[in-house]
Amino acid sequence: MDSYLIFNIVDQSFAIHVSRVMEIREYEKPRSVPQKVEFITGLLEYRDEIIPLINTGTKFNLGKVEASENSVIIVINLQNSGEDDSFRVAIMADTVSNVIEIEEHELKPIRQDYKPPYISGLYSKDDLFVLVIDPNEVFSQNEVIEMDKILKAAREKI
């Protein structure tokens, strides 16, 4: 059985494996971004590094997540596809609702025609309907390269 963090974006619930979650924090206004990628809201300090803050509503085509008193920031750890190095991003969510246990056989596949590559499956039970995210598939290689350029430019300004 695996543990997943449930968070909400607009009117949709998503889950991410807890092993990928580094920290959950209250919303804080990010620093502005030197170059703009549509889904990057700004930059945040996380421990000894600068990381991008992703507006998940924009990234997942659900409409922009607007910051409110309930908004949270979830810092997650990602792997570059085909590489050993990892990197962190912060994602905006309207709320974090729960941590649940899901067994592998409870995840239902979604036909490839109807899902983006970063959705690994669907979990539904009672009135809970959650899309499970594969965090390593959220960003294309080009998006990772663009984020890296933004972070390098930001580091040069510091």
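Cut-offs applied
Residues numbered from 1 in each chain as written. Predicted model: local features only at pLDDT ≥ 70, side-chain atom pairs only at ≥ 80, totals over all residues. Heavy atoms only, no water. Helix = DSSP H or I, 4+ residues; strand = E, 2+ residues; numbered from the N terminus. Rg over C-alpha atoms; globule rule 2.2 N^0.38 Å. Buried < 20%, exposed > 50% of the residue type's maximum accessible area, 1.4 Å probe, protein only. Contact = heavy atoms within 4.5 Å. Areas by Shrake-Rupley, 256 points an atom, 1.4 Å probe, with all protein chains shown as cover. Lys, Arg positive; Asp, Glu negative; His and termini not counted. Charge placed at Lys NZ, Arg CZ, Asp CG, Glu CD. Pairing = 2+ DSSP bridges. Axes fitted to C-alpha atoms, helices over the stretch in contact; angles between N-to-C directions. Polar contact = N/O pair within 3.5 Å; in protein donor to acceptor, adjacent residues only side chain to side chain. Core = buried A, V, L, I, M, F, W, Y, C linked by side-chain atoms within 4.5 Å.

K.L.:
Whenever I open this one, the overall build of the protein chain confuses me. Can you help?
P.N.:
The helix and strand inventory of the protein chain stands at two helices and ten strands. When the elements of the protein chain are put in sequence order from the N terminus, they spell out β-β-β-β-β-α-β-β-β-β-β-α. In terms of overall size, the protein chain behaves like a compact globule, its C-alpha atoms giving a radius of gyration of 15 Å where 158 residues would be expected to give roughly 15 Å. With respect to the three principal axes, the spread of C-alpha positions in the protein chain is 50 × 40 × 25 Å. Looking at the protein chain as a whole, 46% of its 158 residues qualify as buried. When contacts within the protein chain are restricted to residue pairs at least 6 apart in sequence, those whose partners lie at least 24 apart make up 55%. Accessible surface computed for the protein chain: about 9,000 Å², of which carbon and sulfur atoms make up 45%. Here the protein chain contributes 17 positively and 28 negatively charged side chains, and the mean placements of these two sets differ by 6 Å.

K.L.:
Looking at this structure, how should I read the sheet that holds strand E7 (residues 86–93)?
P.N.:
Remark on secondary structure: sheet strands pair via backbone hydrogen bonds, oriented parallel or antiparallel. If you walk across this open sheet you meet the five strands as E3-E6-E7-E5-E4, and the pairing is mixed. Strand pairing shows two members of the sheet lacking a second neighbour, strand E3 (21–26) and strand E4 (40–46), which therefore form its edges. Taken pair by pair, the neighbouring strands of this sheet meet at an average axis angle of 30 degrees, ignoring direction. Pairing of E4 with strand E5 (residues 49–54) involves six bridges; the strand directions are antiparallel. Looking at the pairing, Glu45 lines up with Ile50 of E5.

K.L.:
Where do I start with the side chain of Ser71 in this structure?
P.N.:
Its place among the elements puts Ser71 in the loop between helix H1 (56–59) and strand E6 (72–79). Residue classification places Ser71 among the buried residues on the basis of a relative accessible area of 2%. For Ser71, the side chain forms a polar contact with the main-chain nitrogen of Ser68, separated by 2.8 Å.

K.L.:
Help me understand the nonpolar core, please; the structure alone is not making it clear to me.
P.N.:
Counting residues in hydrophobic clusters, the biggest one holds 43 residues, and the most contacted among them are Phe7, Ile74, Val89, Phe139 and Met147. The residues touching Phe7, leaving out its near neighbours within four places in the chain, are Gln12, Ser13, Phe14, Ala15, Ile16, Ile74, Ile91, Ala93, Thr95, Val96, Ser97 and Ile133. Listed in part, the eight residues of the second largest apolar core include Tyr4, Ala15, Ile102 and Val130.

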